[in-house]
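# Fold and contact review
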Amino acid sequence: MTTSRSPAELVALRKAAQELSTQRKERLSTIHLLAVAARGDSPASELFSDRRLDEEAILKAARGISDEGPVAIGRAMTAAREMAKRSATPEPSALHLVLALLADRSCAAHRALIDLGVDAGRLRAAAMQVALGVVATRRPLSHAPHRSPQISG
């Protein structure tokens, strides 16, 4: 039996992104959504960790990049829900949100990843494989707030 994600995960991610943008005194953007998706212990954060990307790296790369704010965020949230409907886990998650952001070349989050030297196509393919259940995450998820410092091989 698998544990299901809360149907409110996207709402929680958006709220965390809003808190992050407020804390940084910035206008909410898809960059904040991407940064909070890179946090924690999830398949989405694992994809970023594998590429040595974290919240701070994403936020640094995003300086000077802006997008349409609520319009781009709404597009990303809608696309994440649609992707979830077609995936192995029908509840939208951070992974679906990352896929949506990678698919929208006009959003600030996508441009920030490109500026970081991320091969968006490869990241999208890796995320899609996990979302569709083709491959499992490499590390078991502990559901703890922080990762242990141990390196798995």
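Residues numbered from 1 in each chain as written. Predicted model: local features only at pLDDT ≥ 70, side-chain atom pairs only at ≥ 80, totals over all residues. Heavy atoms only, no water.

The subject of this paragraph is a nonpolar patch on the surface. Where nonpolar side chains cluster on the molecular surface, the patch consists of Leu132, Val134 and Val135 and spans about 240 Å² of accessible area. Along the chain, valine 134 turns up in the segment after helix H8 (120–131). Residue valine 134 is classed as exposed on the basis of its relative accessible area of 57%. (Patch = residues over 30% accessible without salt bridge, like charges linked within 9 Å, V, L, I, M, F, W, Y side chains within 5 Å. Areas by Shrake-Rupley, 256 points an atom, 1.4 Å probe, with all protein chains shown as cover. Salt bridge = Lys/Arg side-chain N within 4 Å of Asp/Glu carboxyl O. Helix = DSSP H or I, 4+ residues; strand = E, 2+ residues; numbered from the N terminus. Buried < 20%, exposed > 50% of the residue type's maximum accessible area, 1.4 Å probe, protein only.)

Counting 46 residues, the largest nonpolar core has Leu34, Phe48, Leu97, Leu101 and Leu113 as the members making the most contacts within it. For this core, the secondary-structure elements that each account for two or more residues are helix H1 (9–23), helix H2 (30–37), helix H3 (43–50), helix H4 (55–61), helix H5 (70–85), helix H6 (94–103), helix H7 (108–115) and H8. At 8 residues, the largest contribution of residues to this core is made by H6. Residues contacting leucine 34, with those up to four places away along its chain left out, are Phe48, Ile58, Val98, Leu101, Ala109 and Leu113. (Core = buried A, V, L, I, M, F, W, Y, C linked by side-chain atoms within 4.5 Å. Contact = heavy atoms within 4.5 Å.)

Trans is the prevailing form of peptide bonds, just as negative phi is the prevailing case for residues other than glycine. One non-glycine residue, lysine 25, lies in the positive phi region at around 55°. With respect to the helices, strands and loops of the structure, lysine 25 is situated in the loop between H1 and H2.

For the rest of this paragraph, the subject is the side chain of serine 21. Tracing the backbone through its elements, the reader meets serine 21 in helix H1. The class for serine 21 is buried, based on a relative accessible area of 0%.

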